[in-house]
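Coordinates in review
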Amino acid sequence: MKNITDEIIAKANEIILGKELQIKLALACLLAKGHLLIEDLPGMGKTTLAHTLAQVLGLQFQRVQFTSDLLPADVLGVSVYDRNTANFKFHPGPVFTNVLLADEINRATPKTQSALLEVMEEAQVTIDASTYALPQPFFVIATQNPSSQIGTFALPESQLDRFLMRITLNYPDTASERKLLQSNGGRDQLKKISAAIDHKQLQSLQTASQEIYVSDSLLDYLQGILQYSRQSSHFNAGLSPRAGLGLKQSAQAWAMLAGRDHVIPEDVQAILPSVAGHRLVSNSTFSSNSEHIAQLLKAVAV
Amino acid sequence: MTSQLKLQPNQFTIHWLLISLGITFTLFLFHLSNWVPASFAVFALWRYLIAKNNWPYPKLWLRLPLTFAGGITVLVTYGSLFGRDASVALLAVMIAMKLLETRTKRDFIVMVLLSYFFTVNILLFTQAIWVCLAILFALFGLTACLISASRQSASSKHPATWRVEAKLAGKLLMQATPIMLVLFVLFPRIPGPIWGIPQDAYRGMSGLSDSMEPGSINQLSLSSKVAFRAEFKSTIPANNQLYWRGPVLWHQEGRRWTMTSDKINLPTESLETFGETSNYIITLEPHNRNWLLMLDLQDTNPPDTLPEDATIKHDRQVVSKQPVRTRIRYEGRAYLQYKLASKLGDHERSLALQLIEDENPKTRQLANTWVNQQKSHVEIIQAALIMFRDQPFIYTLAPPLLGNQPVDDFLFNTKRGFCEHYASSFVYLMRAAGVPARIVTGYQGGELNPSGNYLIIRQSDAHAWAEVWLQDQGWVRVDPTSAVAPSRIESGISTALSDSDLLPLLSRQDYPMLKKLYLNWDAVNNGWNQWVLGYDQQKQLALLKSLLHRDIAWADIGLILMAVIIVLMLLISYILLRNTVVITDPVKKAYLKFLKKLSHVGVNKFQHEGVIDFGKRAAQQLPKHSSEIEVISALYSSIQYAKPTTTKTKENRIDNHAALQLLKQLIKKLTLT
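Residues numbered from 1 in each chain as written. Chains lettered and ligands numbered in written order. Predicted model: local features only at pLDDT ≥ 70, side-chain atom pairs only at ≥ 80, totals over all residues. Heavy atoms only, no water.

**Remarks on the overall build of chain A**
As a reminder, the rule being used: Strands here are runs of E lasting at least two residues and helices are runs of H or I lasting at least four, both read from the DSSP assignment and numbered beginning at the N terminus. For this analysis, residues touch if any pair of their heavy atoms sits within 4.5 Å. Areas reported here follow the Shrake-Rupley algorithm with a probe of radius 1.4 Å; residue values treat only the protein chains shown as occluding.
Within chain A, the regular secondary structure consists of 13 helices and 9 strands. Counting only contacts in chain A whose residues sit at least 6 apart along the sequence, the fraction spanning at least 24 positions is 77%. Just so you have it, chain A exposes about 14100 Å², and 50% of that area is on carbon and sulfur atoms.

**Some thoughts on the overall build of chain B**
Quick reminder of the rule: Burial classes follow relative accessibility: with a 1.4 Å probe on protein chains only, a residue under 20% of its type's maximum area counts as buried, one over 50% as exposed, and anything between as partly exposed.
Looking only at helices and strands, chain B has 24 helices and 17 strands in total. For chain B, buried positions account for 45% of its 673 residues. Pairs at least 24 residues apart make up 73% of the contacts formed inside chain B by residues separated by at least 6 positions. For chain B, the accessible surface area stands at approximately 35000 Å², while carbon and sulfur atoms represent 60% of it.

**Brief notes about the pattern of salt bridges**
Residues and elements named next belong to chain B. Keep this limit in mind: Any carboxyl oxygen of Asp or Glu within 4 Å of a side-chain nitrogen of Lys or Arg constitutes a salt bridge here.
Scanning all chains against the criterion turns up 23 salt bridges over all chains. Put simply, Arg106 and Asp107 hold a salt bridge, and the shortest N to O gap is 3.3 Å. Under the relative-accessibility criterion, Asp107 is labelled buried at 11%. With a closest N to O distance of 3.1 Å, Lys233 and Glu331 form a salt bridge. Of the two residues, Lys233 is situated in the loop between β2 (226-232) and β3 (243-249) and Glu331 in strand β10 (residues 328-340); the sequence distance between them amounts to 98 residues.

**Thoughts on the environment of Leu272 of chain A**
Structurally, Leu272 of chain A can be placed in helix α12 (residues 265-276). In this structure the C-alpha to C-alpha distance between Leu272 of chain A and Ile225 of chain A, which are 47 residues apart in sequence, comes to 9.6 Å.

**Side note on the sheet that holds strand β9 (residues 163-167) of chain A**
Residue and element names in this part refer to chain A. Inclusion rule: The pairing criterion is simple: DSSP has to find at least two bridges between the two strands. Axis definition: a line fit to C-alpha positions, over the contact stretch in the case of helices; interaxial angles, taken between N-to-C directions, run 0 to 180 degrees.
Pairing is parallel in the open sheet, where 5 strands are placed in the order β2-β5-β8-β1-β9. Two strands lie at the open edges of the sheet, namely β2 (61-65) and β9, each paired on one side alone. Neighbour-to-neighbour, the strand axes of the sheet open up by a mean angle of 20°, direction not taken into account. Relative to strand β8 (residues 139-144), strand β5 (residues 99-103) is paired through 4 bridges, and the arrangement is parallel. Residue pairing for β8: Leu100 is matched across the bridge by Val140.

**Observations concerning unusual backbone geometry**
Across the junction of Gln136 of chain A and Pro137 of chain A, the peptide omega takes the value -10°, indicating a cis bond. Structurally, the position occupied by Pro137 of chain A is in the loop between β7 (130-133) and β8. One non-glycine residue with positive phi stands out, namely Asp472 of chain B, at about 75°. Within the element layout of this structure, Asp472 of chain B appears in the loop between β16 (462-470) and β17 (474-478).

**Describing the confidence of the model for chain A**
Just so we agree on the cut-off: Per residue, pLDDT measures the predictor's confidence, with a range of 0 to 100.
Per-residue confidence for chain A gives a mean pLDDT of 84; residues scoring 70 or more make up 95%. When mean pLDDT is taken per element in chain A, helix α11 (residues 241-257) of chain A scores highest with 91 and helix α8 (residues 186-190) of chain A scores lowest with 68.

**Digging into helix α23 (residues 626-641) of chain B**
Stated precisely, the cut-off is as follows: The span expected for a helix works out to 1.5 Å for each residue beyond the first.
Relative to the 22 Å expected for 16 residues at 1.5 Å per residue, α23 of chain B spans 22 Å between its end C-alpha atoms, a close match to the ideal helical length. Within α23 of chain B, the full set of buried residues consists of Ile629, Ile632, Ser633, Leu635, Tyr636, Ser637, Ile639, Gln640 and Tyr641 of chain B.

**Quick word on a positive patch on the surface**
Residue and element names in this part refer to chain B. Keep this limit in mind: Two distance rules govern patches: like charges are joined within 9 Å, and nonpolar side chains (Val, Leu, Ile, Met, Phe, Trp, Tyr) within 5 Å, applied only to residues with over 30% relative accessible area and no salt bridge. For the charge count, each Lys or Arg is scored as positive and each Asp or Glu as negative, with His and the chain ends excluded. The atoms used to mark charge sites are NZ of Lys, CZ of Arg, CG of Asp and CD of Glu.
Together, Lys589, Lys593, Lys664 and Lys668 give the surface a local cluster of positive charge. At the level of elements, α21 (586-600) and α24 (649-669) are the ones that each hand at least two residues to the positive patch. For Lys664, the position within the fold is in helix α24. Classification of Lys664 as partly exposed rests on a relative accessible area of 39%.

**Thoughts on the side chain of Arg47 of chain B**
Residue and element names in this part refer to chain B. Its place among the elements puts Arg47 in helix α3 (residues 35-53). Buried charge without a salt bridge: Arg47, with Asp107 as the nearest opposite-charge side chain at an N-O distance of 7.6 Å. Leave out the neighbours within four places in its chain, and Arg47 touches Ile14, Tyr57, Leu99, Leu100, Thr102, Arg103 and Phe108.

As structure tokens, then:
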């Protein structure tokens, strides 16, 4: 198992330089069957990361660039009258894929956003009383741009909660950047790499991740974190039970990536900033959320 | 805070309160006017139904008149709002009515604190052992109520159950017990009651009065209340020797006999004693009079044989300076053979012959016939006793009423009566015949309790007899009752009466099982009186002396108490501060040892640090031991977090056990330099 995941990570590493942690987090997120939100400035490799993951995992990939005039039908698909059969025929939208990259999701209107988010939750599309199942596995990797907020519709907390993880990519270190500059950029290489696994293997990896053992001692620690987040005065609201479940599943996936058959507190600590960061809303405008999450980690005894 | 105080308590809170108040009011049943506990029953039922059926609470327009009505009823019943009975009754009624406006947490807390105070009030009335036990139950219930009221708002994590509340209350009371014992033993005792209790507190005490009218002892004879208990150091004298001396009555006026006035200053009668002394200790129940009952006749040589604060009157009655209002204990030393007052002064003689003129002509006539027959004083006494024995005199506790000439009526007409009738008519007869005589009241006999080897003397043992003064013999005890009913003197009052006579249940001879049970119970009670209620300054000082092997001043007790309390506090705070978390898990314990070892060489684990992370950090800091540290960390982490290798629980345990042993060994072997 560890060989496979190591191979995936290694392959992805070839394309996205110096971002092993982010790749592992994204992979863990997908193995835990969660959707991923990547938040960063333009040109940091968000799209490349999404594309790479799809490629390496052998998944079908679709990309939708969200704009303010994008309509739900543009994402989900539309029924068109067919004169030959005298029937409405459903033309599936880009959402019918394994990996959907929703680029700059916060540019779309709330109507379109929520249409997508519904699909994320249900993994099926319902149009004109007919239900169309999405292919399995189905991931949404959404990106959003935090700085230029003009003409955007920020995702409310309730919708942010649908994403299992939120990660940021940040600038590459000098060595990686030098390497990047020496090459022609990741996009070209994308075509070269082959899939490391197929659908079946991916599914078995997901199942294996769910079976990673979680001991009572670890659940104590996990609940300690949840409890603290609810009692702390730093946050407007504590972590939801769904967030708790997400923490557990992500930690399981993380433990699997580390080649362990059980979860240890270190796993939880590793994924916590990504899982909890977008769900906890800081009370104060002066100190950042990440500071408070670090504080939370320090306050809860292992 | 305010919003918390307004929260509605759970359903157990009101149940606890009602139950514990119910216990308290049951105890008060015997001491307060009946309508007080009855009103509690009504209000408690009402409050119960409010809680059960969600009835509305009564509005102010109903509660206000109720409050005034309660106050006025107390005023009417007791004639005052002050004094022990009235104020306790007022408190009781107000507490009962307060139930109707007890709904929020704050109300309950106020109510519980009030009820603590109210419950303790029962001790103003009685301190019997079973009452104290019942009080413990009431206090337990109140504590549980307090817990219940405070808990429900604290967290919804723990669902309220009465079991949890009861357990916690029991635990708290248990923890309070050592403190209670320390306070009991070491709290400085003040002789007598700690605070002044209102006068009416002593109303219920019964005992001998300072005067006698036929009928007055009758009241006592029907009471099985204990008057005092006597513990003999040597063998107990025969029943017909057990005359416990109380007030001596000299002055006759109609049917009333009274003591000599304190203003008359007479010398104490002389005493010659013979034979062995009889030593005993008396525990006297409070009776609100000055008399200390003593076995005839108390030795006064040297004078310090008398109990503390006691004096002896000219007629050899022993009295204390203060009325006996608490249970007291004193020693006595009696001579059963004695000669009292070898000479009779003129004043005494006139007192001992005093009679109101022109009364009871038939009696005087009878006395005159004896005098005219030239009989000696001894012969006159015998003639009178023969008359009592031979004529159909009957001993009964329910005699008919006597007319205007009571002695005539009794001697020649009704011929039915008990000790005081016989004693008073005998003395009257003697005085009419010129023989100096007086009435002595007190107690006669007593019941041996084999369980504790002491005598119980009850109010029903109250007795009156006569003393006549004879040349060369002094004052001689003559008990005319014994001429009529010898068994009264030989073996107690119950045998002297016919079955139809009323007598307290426990003085009767039947029901041997009940009797035995009662005697055992009395022995327990006696111990309680002696060692708990009777634990006074004297006993406290004696106990401390025997513990510390040196004399202790009264003021030192306070210092000792403070010292003990401070030591206790320090001990408790040390325990509390030391063991913030008690770790019982052996795996965690072993790991803590490991952490301790590392911390000795300056490597400390952060509380939030994962085991493996810390292991890596520690290994980096201590490269010499890196492999051991990492192995221990990994092993501990896998015991803590990994899935047990087998699924069967039994084998699991063995598996984990082996791992634990390995962990312990590794940690033990680890020596850091």
